[in-house]
Amino acid sequence: MPINSPRRILGRKQVAWFESVPPDDGRKALEERDYLVTQCTHDNLVDPAYLAGLSAVVFSQNTEKPLLIAKYIEQYAQNLLDHDCLERVS
């Protein structure tokens, strides 16, 4: 029986926006390069199974709370690096 899942979901072809909606232009550009574009949460970023298929996470700076991004990077960066979730998307 064949597996009907697209290759991009099985490999590291996923970019997730942390707690925000991916912008249309960013989504379009990534999807044209066969990336799956999603949103993610704290629970996703501490789940090794989720991270196994993730290429990168986009953290967006909030204009009302500009320093919050530093907290997120401090909280998640090491774990993302440990799971090789750092990829140049070209």
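Here is what the cut-offs are and how they apply
Per chain, residues are indexed from 1 in the order of the written sequence. Only residues with pLDDT of at least 70 are given local features in this predicted model, and only at 80 or more are side-chain atom pairs given and counted; all residues enter the totals for whole chains, interfaces and linings. Side-chain metrics rest on all non-hydrogen atoms present in the structure, leaving aside hydrogens and water. Each helix is a run of H or I in the DSSP string that is no shorter than four residues. Each strand is a run of E no shorter than two, and both are numbered from the N terminus. For every residue, the accessible area obtained with a 1.4 Å probe (protein chains only) is divided by the maximum for its type, and the residue is called buried under 20%, exposed over 50%, and partly exposed between those limits. In this description, contact between two residues means that some pair of their heavy atoms is separated by no more than 4.5 Å. Take the buried residues of types Ala, Val, Leu, Ile, Met, Phe, Trp, Tyr and Cys, join any two whose side-chain atoms come within 4.5 Å, and each joined set is a nonpolar core. Salt bridges are counted wherever a side-chain nitrogen of Lys or Arg sits within 4 Å of a carboxyl oxygen of Asp or Glu. Confidence scores here are pLDDT values: one per residue, from the predictor, ranging 0 to 100.

**Q** Is there a simple way to explain the environment of Asn 79 in this structure?
**A** The topology assignment puts Asn 79 in helix α5 (residues 68–82). Asn 79 sits in the partly exposed class, given a relative accessible area of 25%. When the C-alpha positions of Asn 79 and Leu 51 are compared, they lie 9.1 Å apart, and in sequence the two are 28 residues distant. With near-sequence residues (within four places) excluded, Asn 79 lies in contact with Leu 45, Val 46 and Leu 51.

**Q** What am I meant to see in the nonpolar core here?
**A** Proteins that are soluble and globular tend to have nonpolar side chains buried together. Phe 18, Leu 45, Leu 54, Val 57, Phe 59 and Leu 80 are the most contacted members of the largest nonpolar core, which has 14 residues in total. Counting only elements with at least two residues in this core, the list comes to β1 (14–18), α4 (48–51) and α5. Element by element, the count of residues in this core is highest for α5, at four residues. In contact with Phe 18, not counting residues within four places along its chain, are Cys 40, Thr 41, His 42, Leu 45, Val 57, Val 58, Phe 59, Tyr 72 and Tyr 76.

**Q** What is the right way to look at the pattern of salt bridges in this model?
**A** Opposite charge on two side chains permits them to pair, given that their charged atoms come into close proximity. Taken as a whole and assessed by the stated rule, the structure comprises two salt bridges. The shortest N-O distance in the salt bridge between Glu 31 and Arg 27 comes to 3.3 Å. Linking Glu 31 with Arg 27, this pair stays in helix α2 (residues 24–31), spanning four residues, or about one helical turn.

**Q** Which parts of the structure should I look at to understand the confidence of the model for the protein?
**A** Any region with low pLDDT has predicted coordinates that should not be read closely. Scored by pLDDT, the protein has a mean of 85; 82% of the residues are at 70 or more. Across residues 1–9, where pLDDT falls below 50, the model places six contacts with residues more than four positions away in sequence or in other chains.

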